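Working through the structure, step by step
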Amino acid sequence: MEKLIPKEFDLSNKDRSDEALMRWRKAVGLVKNRRRRFRYAADLAKRSEAKAQMLKIRERLRVCFLAYKAAFRFIEAGGQGNQFSSEEAIDSQEEDIQNDLQEEAREAGFQIHPNKLASLVASYDITTLRKLKGVEGLASRLNVTLDEGVDCSSIPIRKTVFGSNEYTEKPSKSLWLFLWDAMHDTTLIILTVCAVVSIGVGLSTEGWPKGMYDGLGIILSVFLVVLVTAVSDYRQSLQFKELDKEKKKIFIHVTRDGTRQKVSIHDLVVGDIVYLSIGDQVPADGIFISGYNLLIDQSSLTGESLPINIYEKRPFLLTGTTVQDGSGKMLVTTVGMRTEWGKLLDTLNEGGEDETPLQVKLNGVATIIGKIGLAFAVMTFLVLTVRFLVEKGRLHELTQWSSRDALTLLNYFATAVTIIVVAVPEGLPLAVTLSLAFAMKKLLTEKALVRHLSACETMGSATCISTDKTGTLTTNHMVVNKVWICGKEKEVDSNADRNALDSDISGNVLAILLQAIFNNTGSEVVKDKTGKRTIFGTPTESALLEYGLLLGGDFYDQRRECKLLKVEPFNSHKKMMSTLVALGNGKMRAFCKGASEIILKMCDKTIDSNGEAFHLSEEHVGNIMNVINAFAGEALRTLCLAFKDIEDGFQENSSIPDCGYTLITIVGIKDPVRPGVKEAVKSCVEAGIYVRMITGDNINTAKAIAKECGILNDNDLAVEGPVFRLETPEEMSRMIPNIRVMARSSPLDKHVLVQMSRKELKEVVAVTGDGTNDAPALHEADIGFAMGIAGTEVAKESADVIVMNDNFTTIVNVAKWGRSVYINIQKFVQFQLTVNIVALMINFISACISGSAPLTAVQLLWVNLIMDTLGALALATEPPHDGLMKRPPVRRTENFITTPMWRNIIGQSIYQLAILLVLNFDGKKILGLEGSDASAILNTFIFNTFVFCQV
């Protein structure tokens, strides 16, 4: 059958054009109820309107930005001299601002109107910002201090005056609307009209109440079909709404009441001090306070592809943009629907989600079967009508027509229409939606948030999983386990005190080490009101800070002693972080930390136990490499810390030096393998899914972890990213099937690996990622998994599934549910096609031979109820079993309706038809039925036999 499906119904999983989507919808024929069939399909007309509207908004923002840049150049060129020339002008403007404020806002200490505040950022009004004395002046008008942040007691009044950080949502559809949609089924409308006419004719010929039976039975059956359909669809919509709420749960760090806290973006208020780091989405409009190398991607709003550098002279930050590099703090000025993002959000959400490949394919199947069903319905009606006319002609009654004859023809027509109801499998594509919605809800309880319907379905066909190591295969709870310092290797006991270093290590060494730990970090140690310490930051940096605290160091003392001059944050390309600080004695010192091999190449000296630097000979370097490899062999992540004193001054626009450093220490950080990972990997191997580990770690560390997880065996290949990327495409294609570990990899290596696996080797690839630079690989893969804990917002936006517990076992559960969805839909298709064939054939054959249809309109409506709705509920929502992971994945090229399925469908159909036809033509004799009601009893017996055959 799938060979008969037009090519319009064969769509890829990703990157489908609107034209391709429009073509398959036009190719769909015999849709009984378009409102229901395409309820979850993307509205292409609205999507097109939304794109046009978005372009207008983007153009306006782009013009504002260009005007801002022109004003900025004017001010930089010396035009600012007149900005502060008149105190009266500033006072006059402040008076206007005050006059516009509500009494409630004035009493709360606010001195600027929400609308003026919103337009200040949206229009990049640098002139007004300067008149208001910059971010400090703006903060004072919002009644906050940049150090203490918002007073929590003022949050309710801030929400009242400035609004909350929530966006207008479309109201949920009520059950009544779903009932209204279900009633738009063309065949059910025709049957209802037939039933009403049947009641009128029946009452005139057979009287009350016998004349009501046929028509009333049809109406009640139609009502029941509509009710069950609407309730089923309504429950699905509630499941999708619940999933949408989960997708919008994002947390950020803010300063409130003088302490750093983690809050939901929906709880954000005007005046909040928000922390931004690489991969974050800017949660509200605001003004830059401070930061380092803050690079913002504004393409989602303005369409500009080049990132914008944000600093004191270019301070405006817009909601929905993303942090591409660096870190910083911002003052929130506008939230919710007052922001440009709020105005865009309705536009962005228009059009709905694209259909999954299986939904599209089953629409094609439904179209073919529907055409066959329509042909049989027409033939059945014609055969019954012709036989009826022949019989009347044989009795010479062609000129004598009664209401009873009209009722007979009406019943024939109703039967033909009901055959179309049963034969057009409207429930096929909708059963996919039901099954996917059920799987998505169940996966949510197993800590997997499915963002796109198609991901569940596609995961059932996955042939390989390219996974990160840290946090996915491992616990992501890192601790410093070993250190090498001053030529000595030491175990670290986390329960020990500050004597964790031997007494023969001098205070000078300890001082430099603590400086390197506490000043070269993007994380922060925060004390709450009770004095309890909390570390905010990445697991690796948190492990280093915990080690520094164990040595007796104090984060705030170190920060007070040294002034940060420049920061170059860690990113996956450089694999290192550098800072430049001014020491208390006026000298400058640079610190760097990162991948051991990279930092070691930057060092030409190391320190002895007295803190004195000495030259690194080749022998020393060889010994240090042996230490690094030994740590890596014990599955420890290794980092080097180094410093360099800057003697000849430093230019503000210069980069931090990348050579001439003095090595301080090598730390070995332990990140234990998660419980259950080895079993999960074994389950994947048995299921025909091979697992590949991609990590930025040393190759020896990567190999040790991969062997512990059961990923790497003796015959498998482990490569390094720099080696892999130098290979030719042909050599890559040869290597990829055997690669199980890629160490020291960059996001570009991961992207190339995924691209080659999909396009050259025709694999169905799942890939995990957590960083901003992982976004291209997540988008390129058939199924992208973003980490819910360690993942950045950019990664999550590019992913199909968010793994909320960052656990590899969860990914395997998604694969199991994906297979379950596929198998369940196959079961439902097999069931429905069998019912279709038998219902069509029994009525058609009987009509041809005996001139009557044993299955009446009411009975066929009951069959449709069982088949389309209850059957889908039973079969499409069956949970997975372990046996699903013992079979190979379904390949892209495999037919959905397999040979065993056709064997079952045809075999069952022949078996059922044989029984029903015997009963139809010889049933009275077999059952010993006599009397005037023998035919009615026989037909009822045939109907019950038919139903039990389906069971």
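Residues numbered from 1 in each chain as written. Predicted model: local features only at pLDDT ≥ 70, side-chain atom pairs only at ≥ 80, totals over all residues. Heavy atoms only, no water.

Moving on to the overall build of the protein chain. Secondary structure summary: the protein chain contains 34 helices and 26 strands in total. Considering the protein chain as a whole, with its 951 residues, one finds that 54% of them fall into the buried category. Within the protein chain, contacts between residues separated by at least 24 positions form 73% of all contacts whose residues are at least 6 apart in sequence. Taken as a whole, the protein chain presents about 41,300 Å² of accessible surface, with 55% of it coming from carbon and sulfur. (Helix = DSSP H or I, 4+ residues; strand = E, 2+ residues; numbered from the N terminus. Buried < 20%, exposed > 50% of the residue type's maximum accessible area, 1.4 Å probe, protein only. Contact = heavy atoms within 4.5 Å. Areas by Shrake-Rupley, 256 points an atom, 1.4 Å probe, with all protein chains shown as cover.)

Now for unusual backbone geometry. A positive phi angle is found at Asn293, which is not glycine, with a value near 50 degrees. Turning to its location among the elements, Asn293 is positioned in strand S4 (residues 285–297). Even without being glycine, Lys762 reaches a positive phi, approximately 60 degrees. Tracing the backbone through its elements, the reader meets Lys762 in the loop between helix H28 (747–759) and strand S24 (765–769). The exposure class of Lys762 is exposed, given its relative accessible area of 54%.

What follows concerns the nonpolar core. Formed by 101 residues in total, the largest nonpolar core has its most connected members in Leu362, Met459, Ile783, Phe785, Phe808, Ile825 and Val829. The element contributing the most residues to this core is helix H31 (residues 808–850), with 19 residues. Setting aside residues no more than four positions away along its own chain, Phe785 makes contact with Met459, Ala766, Val767, Thr768, Gly769, Leu778, Ala799, Val801, Val803, Ile811 and Val814. If you look at the next biggest cluster of nonpolar residues, it comprises 55 residues, including Leu117, Ile252, Val263 and Ile308. (Core = buried A, V, L, I, M, F, W, Y, C linked by side-chain atoms within 4.5 Å.)

Applying the stated criterion across every chain yields a total of seven aromatic pairs. For the pair Phe388 and Tyr412, a centre-to-centre distance of 6.2 Å together with 80 degrees between the ring planes defines the contact as edge-to-face. Of this pair, Phe388 sits in helix H15 (residues 357–394) while Tyr412 sits in helix H16 (residues 403–423); the two residues are 24 residues apart in sequence, bridging distant segments of the chain. With respect to class, Phe388 is no different from Tyr412; both count as buried. On the basis of an interplanar angle of 90 degrees and a centroid distance of 5.4 Å, the ring pair of Phe555 and Tyr556 is categorised as edge-to-face. Tyr556 sits in the partly exposed class, given a relative accessible area of 32%. Residue placement shows Arg260 over the ring face of Tyr275; its charged tip is 4.0 Å from the ring centre. (Phe/Tyr/Trp six-rings, centres within 6.5 Å; stacked < 30°, edge-to-face > 60°. Lys NZ or Arg CZ within 6 Å of the ring centre and 35° of its normal.)

This part is about the environment of Glu568. Mapped onto the fold, Glu568 is located in strand S14 (residues 563–568). Its relative accessible area of 17% is what places Glu568 among the buried residues. Glu568 sits 241 residues away from Ser327 along the chain, and the two C-alpha atoms are 9.4 Å apart. Beyond its immediate stretch of four places on either side in the chain, Glu568 contacts Lys574, Met576, Met577, Ser578, Ser655 and Ile656. There is a polar contact of 3.0 Å between the side chain of Glu568 and the backbone nitrogen of Ile656. (Polar contact = N/O pair within 3.5 Å; in protein donor to acceptor, adjacent residues only side chain to side chain.)

It is worth spelling out the pairing of strand S12 (residues 524–527) at this point. Inspection of the sheet shows S12 paired to strand S13 (residues 533–536) by four bridges, in the antiparallel sense. When the sheet's bridge partners are listed, Lys527 is paired in S13 with Arg533. The hairpin formed by S12 and S13 contains five residues between the paired strands, and Gly531 there has a positive phi angle of roughly 90 degrees. (Pairing = 2+ DSSP bridges.)

With that settled, the discussion passes to the confidence of the model for the protein chain. With 89% of its residues at a pLDDT of 70 or more, the protein chain has an overall mean of 81. No element of the protein chain has a lower mean pLDDT than helix H4 (residues 87–100), which averages 48, and none a higher one than strand S20 (residues 661–670), which averages 93. Counting contacts from residues 80–93, a segment whose pLDDT is below 50, to residues more than four positions away or on other chains yields nine contacts. (pLDDT = per-residue confidence, 0-100.)

Take the pattern of salt bridges next. Applying the stated criterion across every chain yields a total of 25 salt bridges. Two residues, Lys482 and Glu634, come together in a salt bridge whose shortest N-O distance is 3.0 Å. Here the residue Lys482 occupies a position in strand S10 (residues 479–485), and Glu634 occupies one in the loop between helix H23 (618–633) and strand S19 (636–646), the gap between them amounting to 152 residues. Residue Asp782 pairs with Arg758 through a salt bridge whose shortest N-O separation is 3.1 Å. Of this pair, Asp782 sits in the loop between helix H29 (775–780) and strand S25 (783–787) while Arg758 sits in helix H28, and the two are 24 residues apart along the sequence. Taking relative accessible area as the criterion, Asp782 reaches 2% and is therefore assigned buried. Arg758 sits in the buried class, given a relative accessible area of 18%. Three or more residues are tied together by salt bridges with common partners; here these are Lys482, Glu489, Glu491 and Glu634. (Salt bridge = Lys/Arg side-chain N within 4 Å of Asp/Glu carboxyl O.)

What follows is about the pairing of strand S21 (residues 690–694). Counting buried residues in S21 gives five out of five residues, a clear majority hidden from the surface. Covered by surrounding structure in S21 are Tyr690, Arg692 and Ile694 together with Val691 and Met693, the residues of both alternating faces. Relative to S21, strand S9 (residues 464–468) is paired through five bridges, and the arrangement is parallel. Each bridged residue has a counterpart across the sheet, and for Thr467 the counterpart in S21 is Met693.

Further remarks concern the sheet that holds strand S26 (residues 801–803). By way of backbone hydrogen bonds, the strands of a sheet pair with one another, either parallel or antiparallel. Read across the open sheet, the eight strands follow the order S8-S26-S25-S24-S9-S21-S23-S22; overall the sheet is mixed. Of all the strands in the sheet, just strand S8 (448–450) and strand S22 (717–720) have a single pairing partner and so form its edges. Ignoring strand direction, the axes of neighbouring strands in this sheet form an average angle of 20 degrees. The pairing of S24 with S25 spans four bridges and is parallel. Looking at S25, one finds that Thr768 is bridged to Phe785. (Axes fitted to C-alpha atoms, helices over the stretch in contact; angles between N-to-C directions.)

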